[in-house]
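If you want the building blocks of each chain, they are given just below.
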Amino acid sequence: MSDQERTFVMVKPDGVQRGLVGEVISRLERRGLKLVGAKFMQIDEQLAHEHYAEHEDKPFFEGLVDFITSGPVMAMVWEGQDATRQVRKMMGETDPAESAPGTIRGDYGLDLGRNVIHGSDHEDPGANEREIALFFDDEELVEWERIDETWLYE
Ligand code: DAT
Ligand code: MG
C-alpha cells in the first residue's frame, strides 16, 4: 500500500447531461480506486475562476467558465496508488479527438470544449491537494477500507 494519494475528479456539465456520471464512477471503481468524497453541485462564477485560475489569461477562459457553470457537475475525490497520474491516463488527452479509444475522453467525446471529465494535473505538484481543498471540507472526506484492498495491492 505505498504511494496512496488522493486526486480530484469531476464529471463536467456535458457528462452529467449525457448521463455519463455512472459510467465514469464505474470505470474508476473497477480500476480499484476508492471513492472518498462526492458532491453533486453547481459551480458558481467565483469557484470557477478559482478552479481554472491557471487559465485566466487564455483566450478560451471566458467560454470555459461559462461552460463549467452551465449545469450541475459531479465533484469527487478518489484515492489509490499513484491515483492522480492513473486517472489522467484513464481520461486521455485534453482534446477528445486526440484521445485513444478506451480512454474516457476518447470513448465519449469529440470536441476540446466538451471533454466530459476533469482530473487534477499530475504534472503540477500539489494541484490535487489544492483542488480537493477548494471543493471539499476535511469532514466531507471519508476514510474507509475497500474489502478488496488486500487483493488490489501486493
Ligand atoms: P485538462 O482538462 O486536460 O487538464 P487544461 O487544464 O489544459 O486541460 O485545460 C482545462 C480545460 O480547458 C480543458 O479541459 C478544456 C479547455 N481547453 C483547454 N485548452 C483549450 C483550447 N485551446 N480551446 C478551448 N478550450 C480549451
Ligand atoms: Mg488541467
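None of these values were measured; they are calculated from a predicted model.

Trainee: Account for the pairing of strand E1 (residues 4–11), naming residues and giving values.
Mentor: Examined bridge by bridge, E1 and strand E3 (residues 73–81) share eight bridges and lie antiparallel to one another. Its bridge partner lying in E3, Val11 is registered against Met74. Where E1 meets strand E4 (residues 117–119), three bridges bridge the pair, whose relative direction is antiparallel. Bridge assignment links Val9 to a residue of E4, and that residue is Gly119.

Trainee: Please set out the environment of Arg146 residue by residue, giving values where relevant.
Mentor: Take Arg146: it is sitting in the loop between helix H7 (127–135) and helix H8 (149–152). Residues Arg146 and Lys34, spaced 112 residues apart in sequence, show a C-alpha to C-alpha distance of 7.1 Å. One polar contact links the side chain of Arg146 to the main-chain carbonyl oxygen of Glu29, over a distance of 3.0 Å. A polar contact is formed between the side chain of Arg146 and the backbone oxygen of Leu33, at a distance of 2.7 Å.

Trainee: Please provide a residue-by-residue account of helix H4 (residues 61–68), values included.
Mentor: Residues of H4 that are buried: Phe61, Leu64, Val65, Phe67 and Ile68. One side of H4 carries all its buried residues, which in axial view fall inside an arc of 165°. In the core, the buried residues of H4 are packed alongside E1, helix H1 (13–17), helix H3 (45–51) and E3.

Trainee: Describe the site of ligand 1, and please don't skip the residues or the numbers.
Mentor: Every residue near ligand 1 is listed here: Lys12, Tyr52, His55, Phe60, Leu64, Arg88, Thr94, Arg105, Leu112 and Asn115. Within the side chain of His55, a nitrogen or oxygen atom sits 2.9 Å from an oxygen atom of ligand 1. Within the side chain of Arg88, a nitrogen or oxygen atom sits 2.8 Å from an oxygen atom of ligand 1. Isolated, ligand 1 exposes 520 Å² of accessible area, and the fraction of that covered by the protein chains is 74%. When atoms are counted within 2 Å of each cavity's grid points, the one that captures over half of ligand 1 is the largest pocket. For the shell around ligand 1, a count of residues per class yields four nonpolar, three polar and three charged.

Trainee: Requested: an account of the packing of helix H2 (residues 21–31) against helix H5 (residues 83–91), with residues and values cited.
Mentor: For the pair H2 and H5, the least separation of the axes is 12 Å and the interaxial angle reads 130°. Here H5 runs oblique to H2, going by the angle between their axes. Our pair here, H2 against H5, has a crossing hand that is right-handed. Across the interface between the two elements, Arg27, Leu28 and Arg31 of H2 pack against Gln86, Val87 and Met90 of H5. When the residues that make up the contact of H2 with H5 are grouped by side-chain class, the tally is three nonpolar, one polar and two charged.

Reading guide: rules and limits
Residues numbered from 1 in each chain as written. Chains lettered and ligands numbered in written order. Predicted model: local features only at pLDDT ≥ 70, side-chain atom pairs only at ≥ 80, totals over all residues. Heavy atoms only, no water. Pairing = 2+ DSSP bridges. Helix = DSSP H or I, 4+ residues; strand = E, 2+ residues; numbered from the N terminus. Polar contact = N/O pair within 3.5 Å; in protein donor to acceptor, adjacent residues only side chain to side chain. Buried < 20%, exposed > 50% of the residue type's maximum accessible area, 1.4 Å probe, protein only. Arc of directions from axis to C-beta. Contact = heavy atoms within 4.5 Å. Near = heavy atom within 4 Å. Areas by Shrake-Rupley, 256 points an atom, 1.4 Å probe, with all protein chains shown as cover. 1 Å grid on protein atoms, 1.4 Å probe; cavity = no way out; pocket = protein on both sides within 12 Å on 5 of 7 lines; lining within 4 Å. Sits in = over half its atoms within 2 Å of the grid points. Nonpolar A, V, L, I, M, F, W, Y, C, P; charged D, E, K, R; others polar. Axes fitted to C-alpha atoms, helices over the stretch in contact; angles between N-to-C directions. Parallel < 35°, antiparallel > 145°, perpendicular 65-115°, else oblique. Left-handed = near helix turned anticlockwise from the far one by under 90°.

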